[in-house]
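# Survey of secondary and tertiary structure
Spelled out, the chains give:
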There are 2 protein chains.
Amino acid sequence: MATGWGSLLQDEQQLEELARQAVDRALAEGVLLRTSQEPSSSDVSFILMHRIPSVNGSQFSFPLLMAILVVSYAPFTLFPSLVPSALLEQAYAVQMDFNLLVDAVSQNAAFLEQTLSSTIKRDNFTAHLFDIHKQVLKEGIAQTVFLGLNRSDYMFQRNADGSAALKQIEINTISASFGGLASRTPAVHRHVLNVLGKTKEAAKILSNNPSKGLAMGIAKAWELYGSANARVLLIAQEKERNIFDQRAIENELLARNIHVIRRKFEDVSEKGSLDQDRRLFMDDQEVAVVYFRDGYMPSHYSLQNWGARLLLERSCAVKCPDIATQLAGTKKVQQELSRSGMLEVLLPGQPEAVARLRATFAGLYSLDMGEEGDQAITEAIAAPSCFVLKPQREGGVNEAKDPRSAHLTRLSNEAQMRSALKL
Amino acid sequence: MATGWGSLLQDEQQLEELARQAVDRALAEGVLLRTSQEPSSSDVSFILMHRIPSVNGSQFSFPLLMAILVVSYAPFTLFPSLVPSALLEQAYAVQMDFNLLVDAVSQNAAFLEQTLSSTIKRDNFTAHLFDIHKQVLKEGIAQTVFLGLNRSDYMFQRNADGSAALKQIEINTISASFGGLASRTPAVHRHVLNVLGKTKEAAKILSNNPSKGLAMGIAKAWELYGSANARVLLIAQEKERNIFDQRAIENELLARNIHVIRRKFEDVSEKGSLDQDRRLFMDDQEVAVVYFRDGYMPSHYSLQNWGARLLLERSCAVKCPDIATQLAGTKKVQQELSRSGMLEVLLPGQPEAVARLRATFAGLYSLDMGEEGDQAITEAIAAPSCFVLKPQREGGVNEAKDPRSAHLTRLSNEAQMRSALKL
């Protein structure tokens, strides 16, 4: 009893029943967010010590968990998104190029300094990151293993001839999120299509398990560090609605007997320390890998937190990412990479990788103060639909007021909650 | 870094961290309940029609689900329960005997009538069920396939010599719940033990997938009915906190391309009908199987609902359970079965099955008005720890005031949220 797509969006009652089914399935699959009312806790729960009298007169006690509150589901699209298979294959094929490019940029101190020189003058956040970068370089880097978990966000551009092209919006080199929840959305979308009787389409929805892949990267770093009792330190925010996304990775690690401890920057200030070999300890536990799910926005840093970040960067724990990799992900770097000839300089002797990378560039325009930036803004206002404006005018990501930028940024996050349906 | 069991229950801080981990894992695994504030809905959500401008100036719309509220987790024990493997094997071995016994009782109209005669006189609920039973028998039963999904609840009795014995508390022959959620608790308990570094114990926690088994029973009934487009009708309550338990079974069926429609008794009254062959239709869809998750307590029935139940029982859809099987699960029947010689009458020529069944009987005592009942109550008050009092005094299950009964009933429900850890 398959339903036609055409009539489906018109049938409000059927959409509502589908939504009920989809929401229950999303909840059951763990596509969860903490609520904005209780962002620091998944529940307001209590442990009840439950006592049962036994026949011989003694008592047996066990802890029973009872909840008062509450989680919700992460926003998601009701239907999967159609993705032309050629573009999907293209995205897979170019990801290693992007990873190598980010690595090359992060190891190229001269390029970073030159590219970010104008940003550093006006943007305190980037300036602080760069200060730590220079300080660590000066002292000498204690760890030769670097872990990058990068997320590329794409949109499809419709060309004049009607064909679609893959265009990268941005690459996230720190705290890239939604790998955990995205692992569970294919089941939700298969459910929705199966309810509609569209079993063939449901079978075409690709499985996706990024949380396992991310965990395997961290596990490899942990293994290379080479200390069986060392922990992974996840730097977390106090208020973290997206904790279930992170838990999915923690669970994968725990299943490999790698223990994760969640701590805030403030905890690192109070209880973190380096020994004489710059080994990192938290609460007397050695740390093999520091995994940042915090520290990517100016608001995440007090003076105390900057001190904690410096401590972590100086340590010989593997950082995911180290501060140079974080800097490599700034929009200013992304813009610089799109300049003619720049990829060839950074990836010498790799013309095929350069060609694959350049094919996904959407065209980035400086919004720096000065002639080049003014020209870009004038063109954008004249023909707004042709531009993807990203908020990288000096002053920090958060101060962007252009609603189109906000819209596109949000969209790239939501995109993770979709499933790919191969055409 | 395994922690000793002895010190664990004393360490409040560690218990709290464990509880946080366990709760997040339970939520992520779908061990969920709707909240008591919103029992009719998993969320207060809305569908947002999200429009994106595309490059060629047209708009693309897609439905995006956004949530305001909210689910919680089902209460669960922090640790798995130790189960002696001999008792677990015994419980497996005797289950088929119990299923055949319930079937034999349900097919034995004379036994049911005689056993329930005193109950019917004083208990309106059982009387109504019995009326429908007799009416259907008189008309002639339209369907020769019967589906029973029975849940036996056990406790362990410690014998004088210190050994443990498996004792059945009750058998649920209608709307037996928590098979869905119980499928997901082993992962939670493995997680808790792994966090404690008790990886060997974690590996011993048995996997358990009753929701698949329950769904396969329903699928078999659906197949025997033999109509490819017919649906499974799940009779649901309006306010159902335990919907995720039911959804787990629905999801298993949908994965086999068997569609479930959820309806209330009121919906059956308004839109259900039988054709001349007593085939059941709901909203013009043929129904192969009626799966009751409602109708097991007096408060579930208005006069209108009794009419709906009669309609369903008269139909040739497979009932899970039919009304005779529901009657076979009453406490009065359970008590009668424990009378000397009764099992031999109901299961003639099956002495081994009879022995297995009798070994699990805890001793049930009539609380009927009269000498036998008075004697049992006097003994119970004198030595309360030796009795499992079940609320079957005439007047219905709901009127029991004995707090021990309430405690034990609750416990048998909670038992489903545990995992078995083989000793």
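Residues numbered from 1 in each chain as written. Chains lettered and ligands numbered in written order. Predicted model: local features only at pLDDT ≥ 70, side-chain atom pairs only at ≥ 80, totals over all residues. Heavy atoms only, no water.

Going by an unreviewed UniProt entry, chain A carries the name Glutathione synthetase and comes from Tursiops truncatus. On record in UniProt, under Sequence similarities (unreviewed entry), the comment for chain A is "Belongs to the eukaryotic GSH synthase family." (UniProt positions renumbered as here; feature names shortened; annotations may be inferred.)

### Remarks on the overall build of chain A
Secondary structure assignment for chain A yields 18 helices and 15 strands. Counting over 423 residues, chain A shows a buried share of 52%. A sequence separation of at least 24 residues applies to 73% of the contacts in chain A between residues at least 6 apart. Carbon and sulfur atoms make up 53% of the accessible area of chain A, which amounts to about 19,000 Å² in all. (Helix = DSSP H or I, 4+ residues; strand = E, 2+ residues; numbered from the N terminus. Buried < 20%, exposed > 50% of the residue type's maximum accessible area, 1.4 Å probe, protein only. Contact = heavy atoms within 4.5 Å. Areas by Shrake-Rupley, 256 points an atom, 1.4 Å probe, with all protein chains shown as cover.)

### Observations concerning the confidence of the model for chain A
Residue and element names in this part refer to chain A. Averaged over all residues, the pLDDT of chain A is 84; the fraction at 70 or higher stands at 78%. Scored below 50 in pLDDT, residues 384-418 makes 77 contacts in the model with residues more than four places away or belonging to other chains. Taken together, the chains of this predicted complex give a pTM of 0.80 and an interface ipTM of 0.75. (pLDDT = per-residue confidence, 0-100.)

### Let's talk about helix α2 (residues 12-29) of chain A
Residue and element names in this part refer to chain A. Spanning 18 residues, α2 covers 25 Å between terminal C-alpha atoms, matching the ideal 26 Å at 1.5 Å per step. All buried positions along α2 are accounted for by Leu15, Leu18, Ala19, Gln21, Ala22, Val23, Asp24, Arg25, Ala26, Leu27, Ala28 and Glu29. Of the residues flanking the end of α2, it is Gly30, one or two places downstream, whose phi is positive at about 85 degrees. (Expected span 1.5 Å × (residues − 1).)

### What to know about the pattern of salt bridges
Overall, the coordinates contain 42 salt bridges over all chains when judged by the stated rule. Ionic pairing is found between Glu170 of chain A and Lys331 of chain A, a salt bridge with its closest N-O pair at 2.9 Å. Taken together, the residues span a long stretch of sequence, with Glu170 of chain A in strand β8 (residues 164-172) and Lys331 of chain A in helix α14 (residues 331-337) at a distance of 161 residues. Given a relative accessible area of 16%, Lys331 of chain A falls into the buried group. One network of salt bridges, with partners in common, ties together Asp24 of chain A together with Arg34, Arg247, Glu250 and Arg262 of chain B. (Salt bridge = Lys/Arg side-chain N within 4 Å of Asp/Glu carboxyl O.)

### Quick look at the environment of Gly272 of chain A
Its location among the elements puts Gly272 of chain A in strand β11 (residues 272-274). In this structure the C-alpha to C-alpha distance between Gly272 of chain A and Asp284 of chain A, which are 12 residues apart in sequence, comes to 8.3 Å.

### Let's talk about the UniProt feature "binding site: ATP" (unreviewed entry) in chain A
When the UniProt feature table is mapped to this numbering, "binding site: ATP" (unreviewed entry) covers Glu170 and Lys331 of chain A. Across 162 residues, the annotated set stays spatially compact, with a maximum C-alpha separation of 7.7 Å.

### Description of the pairing of strand β9 (residues 231-235) of chain A
Strand residues, when the strand is regular, have side chains that alternate between the two faces of the sheet. All names here are of chain A. Among the five residues of β9, five are classified as buried, and the element is accordingly described as predominantly covered. Of the two faces of β9, the one carrying Arg231, Leu233 and Ile235 and the one carrying Val232 and Leu234 are both buried. With five bridges joining them, β9 and strand β13 (residues 285-292) adopt parallel strand pairing. If you follow Leu233 over to β13, its bridge partner there is Val290. Pairing between β9 and strand β10 (residues 260-263): four bridges, direction parallel. Looking at the pairing, Val232 lines up with Val260 of β10. Read from β9 through helix α10 (residues 243-255) to β10, the crossover connection turns out right-handed. (Pairing = 2+ DSSP bridges. Right-handed = clockwise from strand over helix to strand, strands pointing away.)

### Some thoughts on the environment of Phe98 of chain B
Residues and elements named next belong to chain B. Among the structural elements, Phe98 can be located in helix α3 (residues 85-106). Put simply, Phe98 and Ala353 are 255 residues apart on the chain and 8.8 Å apart in space, counted from C-alpha to C-alpha. Beyond its immediate chain neighbours, meaning those up to four positions away, Phe98 contacts Ser152, Tyr154, Gln168, Ile171, Leu357, Thr360 and Phe361.

### What about the state of the cysteines?
All names here are of chain A. For the structure shown, the criterion picks out zero disulfides over all chains. Looking at the unpaired Cys316, the closest cysteine sulfur is the one in Cys320, lying at 16 Å. Cys316 gets classed as buried once you look at its relative accessible area, which sits at 11%. (Disulfide = S-S within 2.5 Å.)

### Examining the UniProt feature "binding site: substrate" (unreviewed entry) in chain A
All names here are of chain A. Per the UniProt record, the feature "binding site: substrate" (unreviewed entry) sits at Arg151 and Gln246. The topology assignment puts Arg151 in strand β7 (residues 151-158). Looking at Arg151, the relative accessible area reads 9%, which means it is buried. Polar contacts involving the side chain of Arg151 include one to the side chain of Asp153, which spans 2.8 Å. Considering the arrangement of structural elements, one finds Gln246 in helix α10. Dropping the residues within four chain positions of it, Gln246 is found in contact with Leu234, Glu240, Arg262 and Arg293. (Polar contact = N/O pair within 3.5 Å; in protein donor to acceptor, adjacent residues only side chain to side chain.)

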